[in-house]
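Close look at the chain arrangement
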Amino acid sequence: MTPAQQLRRDIETCELPHPMFETLRMAIKQRIDDTLEGFAPKIVRVPGPSGAGKSSLITNLMRDYPVTRINGRLHAPVLSVKLKQGVSPKELPKRVLDALGIRMLPRSMTAGALFDLMLEQLKLAGTRVVIFDETSELVDDGSRVPPRAASDWFKSLADSLDGMLILFGIPRLERLFAANEQLRRRACPPLKFLPYNASDSQEMTAYHACVANYARLFAAAGYPVEMPLRVLTQQTYLLTGGLVGVLADFMKELASRLAHEAPRPVTYADCTLVAREHVSHAGSPHYLSFLDGGLESNVEPAALRQAYVHVLNNNAEAVPVRRKKTAGDER
């Protein structure tokens, strides 16, 4: 394997345990462990923009609770289910059964019979926690499942299984809970997976650390980034709006560009090409990243702020209001 190929492999397999990721992971893991220990389960929802890192979080959690076989029988205390766009009421239990490895089903089965079969198979597999990815697909515009019907389905599953449900999706996931008071009562407040806020010094420090970790991987492989780390942080922030998933995509594409080249410095021009041609710009269209002259000047805080706000607005997520400090906060 060439140094460039090794770099690409390292970048693609890199999982940054950044603060927001770790905070959410530990909060969800505590809930899962409580449920597996027999404590009263809750419904947890994790809304966040596309590119925040929700899929990576699910992958990380599932490593701690692997699906195994005991005496030939499937054992899945925690089951991950990915929903598809346009899923119908009948297909909801089919998606769960598919995750359990049961795919051959009679077409004549009713939705009620499928629900009962799903519940039976979940109990046989010892499943106490079900993670649903892309749950917001159920409340997408033009969805075949009305929000009330979908929320009733999840409430029925949680009650019948007497287990924990974890629902991941983009922010419109909240429509499920707005449509059903009983579902809201069974749920914790949302654990939001938001981009890093450029107006918050601690969050920007965390984002900068993510960029620095990637830069170290490039340097270790013989491809040092030929620009100040401050510039790389600011320019990638304009591109990502603080979304670590988009940052990871940019770094993967940058490593891919070097796949057939001998070790050399990574230039501003390399980053410009990748940002323009290989990565979808998540930040504000009014402040594009890696433009000419960006290497010599600081990015204005207002431009960084606008990148963050654009990501939230584009995902129908309210911009957090920062509480002003009072004299009592200093005591």
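The structure presented is a predicted model; accordingly, all values stated were derived computationally and were not measured. (Residues numbered from 1 in each chain as written. Predicted model: local features only at pLDDT ≥ 70, side-chain atom pairs only at ≥ 80, totals over all residues. Heavy atoms only, no water.)

Moving on, we come to the layout of surface pockets. Roughly 440 Å³ of volume is contained in the largest pocket. Along the wall of the largest pocket there are 25 residues; nearest its centre are Gly53, Lys54, Ser55, Ser56 and Gly245. At the level of elements, helix H1 (3–13), helix H3 (54–64) and helix H11 (244–257) are the ones that each hand at least two residues to the lining of the largest pocket. Ranked by residue count, the leading element in the lining of the largest pocket is H11, at 4 residues. Class assignment of the residues belonging to the lining of the largest pocket gives a composition of 8 nonpolar, 10 polar and 7 charged. For the second largest pocket, the calculated volume is near 260 Å³. In this structure, the second largest pocket is lined by 14 residues; those nearest its centre are Glu91, Lys94, Arg95, Asp98 and Arg103. Here the lining of the second largest pocket is composed, by residue class, of 5 nonpolar, 2 polar and 7 charged. (1 Å grid on protein atoms, 1.4 Å probe; cavity = no way out; pocket = protein on both sides within 12 Å on 5 of 7 lines; lining within 4 Å. Points joined across faces, edges and corners; volume = space filled by probe spheres on them. Helix = DSSP H or I, 4+ residues; strand = E, 2+ residues; numbered from the N terminus. Nonpolar A, V, L, I, M, F, W, Y, C, P; charged D, E, K, R; others polar.)

Of note, Thr127 is situated in the loop between helix H5 (111–124) and strand S5 (129–133). Taking relative accessible area as the criterion, Thr127 reaches 3% and is therefore assigned buried. Polar side-chain contacts of Thr127 include one of 2.7 Å to the backbone oxygen of Ala76. The contact partners of Thr127, leaving out residues within four places of it in the chain, are Ala76, Pro77, Leu79, Leu100, Leu122 and Leu161. (Buried < 20%, exposed > 50% of the residue type's maximum accessible area, 1.4 Å probe, protein only. Polar contact = N/O pair within 3.5 Å; in protein donor to acceptor, adjacent residues only side chain to side chain. Contact = heavy atoms within 4.5 Å.)

Bringing the packing of aromatic side chains into the picture now. Under the defined criterion, the tally for this structure stands at 7 aromatic pairs. Consider the rings of Phe115 and Trp153, whose centres lie 6.1 Å apart with planes at 90 degrees: the pair is edge-to-face. Of this pair, Phe115 sits in helix H5 while Trp153 is found in helix H6 (residues 147–161), placing the two residues 38 residues apart along the sequence. In this structure, Phe115 and Trp153 share a single accessibility class: buried. Here Phe132 and Phe154 contribute two aromatic rings whose centre-to-centre distance is 5.1 Å and whose plane-to-plane angle is 80 degrees, an arrangement assigned as edge-to-face. Residue Phe132 is located in strand S5, and its partner Phe154 is located in helix H6; the two are separated by 22 residues in the primary sequence. On the basis of relative accessibility, which here comes to 0%, the residue Phe154 falls in the buried class. Cation over ring: Arg45 sits above Phe177, and NZ or CZ is 4.1 Å from the ring centre. (Phe/Tyr/Trp six-rings, centres within 6.5 Å; stacked < 30°, edge-to-face > 60°. Lys NZ or Arg CZ within 6 Å of the ring centre and 35° of its normal.)

Attention shifts here to the side chain of Thr135. In this fold, Thr135 is placed in the loop between S5 and H6. Take Thr135: its relative accessible area is 0%, and that puts it in the buried class. Leaving out residues up to four positions away in the same chain, Thr135 has contacts with Leu83, Phe154, Leu167, Phe168, Gly169, Leu173 and Leu176.

Attention now goes to the sheet that holds strand S6 (residues 164–169). Consider a sheet: its strands pair through backbone hydrogen bonds, and that pairing is either parallel or antiparallel. Spatial ordering of the open sheet is given by S1-S6-S5-S4, a layout of 4 strands whose pairing is parallel. Every other strand in the sheet has two partners, leaving strand S1 (43–47) and strand S4 (78–82) as the edge strands with one partner each. Between one strand axis and the next, the sheet turns through 15 degrees on average, direction left out of account. When S4 meets S5, the two strands line up parallel, connected through 5 bridges. The residue of S5 that forms the bridge with Ser80 is Ile131. (Pairing = 2+ DSSP bridges. Axes fitted to C-alpha atoms, helices over the stretch in contact; angles between N-to-C directions.)

Side chains that are nonpolar tend, in soluble globular proteins, to be buried together. Core analysis: the biggest nonpolar cluster contains 70 residues, and Ile32, Ile166, Phe218, Phe250 and Met251 have the highest contact counts within it. Among all residues touching Ile166, those that are not within four sequence positions of it are Ile28, Ile32, Val44, Val46, Val129, Val130, Ile131 and Phe132. Listed in part, the 37 residues of the second largest apolar core include Ile43, Ala150, Leu173 and Leu183. (Core = buried A, V, L, I, M, F, W, Y, C linked by side-chain atoms within 4.5 Å.)

Spacing of three or four residues puts side chains on the same side of an α-helix, whose turn is 3.6 residues. Spanning 18 residues, helix H2 (residues 19–36) covers 25 Å between terminal C-alpha atoms, matching the ideal 26 Å at 1.5 Å per step. Looking at H2, one finds that the buried residues are Met20, Phe21, Leu24, Arg25, Ile28, Lys29, Ile32 and Thr35. The arc that holds every buried residue of H2, seen down its axis, measures 145 degrees, which confines them to one face. Where H2 is buried, its residues meet S1, H3, S4, S5, S6 and helix H9 (201–220). Positioned one or two residues after H2, Gly38 has a phi angle of 100 degrees, which is positive. (Expected span 1.5 Å × (residues − 1). Arc of directions from axis to C-beta.)

Once that is clear, we can look at the state of the cysteines. Tallying each qualifying case throughout the model produces 0 disulfides. Not part of a disulfide, Cys14 finds its nearest cysteine sulfur in Cys210, a span of 8.9 Å. This cysteine, Cys271, is not joined by any disulfide, and Cys210 carries the nearest cysteine sulfur, 16 Å off. (Disulfide = S-S within 2.5 Å.)

Here Gly163 lies in the loop between H6 and S6. In sequence terms Gly163 and His208 are 45 residues apart; their C-alpha atoms lie 39 Å from each other. Apart from residues lying up to four places away in sequence, Gly163 is in contact with Pro41, Arg128 and Ala158.

This part takes up the pairing of S1. Across the 5 residues that make up S1, a large majority, 5, are buried. In S1, alternate side chains face the same way, and those of Ile43, Arg45 and Pro47 on one face and Val44 and Val46 on the other are all buried. Relative to S6, S1 runs parallel, the two being bridged by 5 bridges. Each bridged residue has a counterpart across the sheet, and for Arg45 the counterpart in S6 is Leu167.

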